[in-house]
Amino acid sequence: MKTSRRSFLRTSLALPALGSQSPAFQTHAHADSSFDPWIEIHADNLRHNVGEIHRRAESRPILAVIKNNGYGMGVVNVARLLEPSSAIAGFAVVKLHEAITLRDAGIRKPILLMGPFDERNLEEAVRRHIMPMVYTPIGSALDRVARKRQTPVAMHVCVDTGIGRVGVPHTQAASLIRDFAGRSSVRIQGTMMTFAEDPDFDKEQLKRFNALCGSLGQDGVKLGAKHAASSFALFQRPEAFLDMVRPGMAIYGIYSEHEFRSTRVMDLRPAISLKSRVAYVKQLRKGESAGYNRAYVAKGDVWVATLPVGHADGWPRAAAKGARVRIGEGMYPVIASVSASHSILEIGSEPRVQIGDVATMFDWRDGSRPEDVSAACGASVYDLTMHLNPLLPRRIISG
Ligand SMILES: Cc1ncc(COP(=O)(O)O)c(C=O)c1O
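Conventions adopted
- Residues numbered from 1 in each chain as written.
- Predicted model: local features only at pLDDT ≥ 70, side-chain atom pairs only at ≥ 80, totals over all residues.
- Heavy atoms only, no water.
- Pairing = 2+ DSSP bridges.
- Helix = DSSP H or I, 4+ residues; strand = E, 2+ residues; numbered from the N terminus.
- Axes fitted to C-alpha atoms, helices over the stretch in contact; angles between N-to-C directions.
- Contact = heavy atoms within 4.5 Å.
- Salt bridge = Lys/Arg side-chain N within 4 Å of Asp/Glu carboxyl O.
- Buried < 20%, exposed > 50% of the residue type's maximum accessible area, 1.4 Å probe, protein only.
- Arc of directions from axis to C-beta.
- Polar contact = N/O pair within 3.5 Å; in protein donor to acceptor, adjacent residues only side chain to side chain.

(A) Summary view of the sheet that holds strand 12 (residues 280–284). Reading across from one edge, 12-15-18-17-16-19-11-1-20 is the order of the 9 strands in this open sheet, with mixed pairing throughout. A strand with exactly one partner marks an edge of an open sheet, and here the two such strands are strand 12 and strand 20 (394–397). Averaged over neighbouring strand pairs, the angle between their axes works out to 35 degrees when direction is ignored. Relative to strand 18 (residues 343–348), strand 15 (residues 302–307) is paired through 5 bridges, and the arrangement is antiparallel. Directly across from Ala305, in strand 18, lies its bridge partner Leu345. Docked against the sheet, helix 3 (residues 43–56) engages strand 1 (38–42) and strand 20, running at close to 45 degrees with respect to strand 1.

(B) Structural view of the pattern of salt bridges. In this structure the tally under the stated criterion is 24 salt bridges. For Arg269, the salt bridge identified is with Asp267, shortest N-O distance 3.0 Å. By relative accessible area, which is 36% here, Arg269 ends up partly exposed. For Asp267, a relative accessible area of 34% gives the class partly exposed. Salt-bridge contacts for Glu329 lead to Arg365; the nearest nitrogen and oxygen are separated by 2.8 Å. With Glu329 in the loop between strand 16 (324–327) and strand 17 (330–335) and Arg365 in the loop between strand 19 (358–362) and helix 12 (370–377), this pair connects stretches of sequence that are 36 residues apart. Classification of Arg365 by relative accessible area gives partly exposed; the value is 35%. Connected through salt bridges with shared partners, the residues Asp104, Glu124, Arg127 and Arg128 form a single ionic network.

(C) Main features of helix 7 (residues 119–127). Among the residues of helix 7, those classed as buried are Asn121, Leu122, Ala125 and Val126. Down the axis of helix 7, the buried set is contained in an arc of 130 degrees. They therefore lie on one face. With a side-chain oxygen positioned 3.1 Å from the backbone nitrogen of Arg120, the residue opening helix 7 is Asp118. Just downstream of helix 7, His129 is the residue with a positive phi angle, here 55 degrees.

Shown next, in the form of structure tokens:
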């Protein structure tokens, strides 16, 4: 017997707990229950954001950063939705397994692996047409892999102009890049850097990068596409758009800094939401408490609602410090503390919500955007999306 999520919900509403006899349990042993939190991906918003970035970057190609499970949306979901766009030149991830997953899923556009690898990984990556990001003297490994594969290794060189994370230090970059450029085993497809996102220091970083690229270029060294601009630089630094832009968060429709929202530089529309259903509604009498350590004590008689979503799902603990969740048209504060699998909302003096109502932790509506949650409770918008449990169901919606 096939049971839709809706009909399962209707059946289960009458039950205080879901028994193993429920039809859904029998037919979908591994399916999520109707009450499990889920993630919605708004395909039209994703495409809209790509259009906005393309306009802002004056039609430069976009290398879409889809690392960390596509910023929570599912790395394959995002790549499949973005791949048809002519503005998208390719994808960047940090983990080899994500790059391989993309190829296994049939993604054909260029993939840049921005994370570490060993020689065995390099061979695997090259075999799957995944470009490594290189910044150490691995010329002889590149030679060996190219010889074995009978094809030069396409790669991007990463230069550290001051972020101090990965990349060859800009003062030593010229000799490394010349070494790569001199090898027939290598095709430098791109040269890149990452800003520290400190407005003054970013200028200095760009100066260093331009000086390096300028002098190598004068000597005829082919650097491929030069790229540096993440979402931050898309808002702040048009002179850093170079040959290609490399945003992540802006693609997902989220302003990475609160002040960018009012600039109107780009109209970004959140493409991701986190939802759940109210699992339980009850009244607390004055003096009764909710949450571990009695984190909340009712000042008067009050209705509260329990959501089956917690920090193990990616809904941050910080949400209890001011985030509000939308149910119907009401916004209700998260109280007590967010535990691994539960959150509690204060509903007020009347029981305005019911078991089974959809609760929106964040979505694309003003007041419920990830930026609104972030502003209310201090959780970073990056944490809100990237920490979403990869096992939660993802549903792609359009319109
Ligand atoms: C090297 C690199 N480039 C680009 C990005 C995209 O950054 P954002 O999501 O802020 O646009 C990231 C993400 O942190 C990154 O690590």
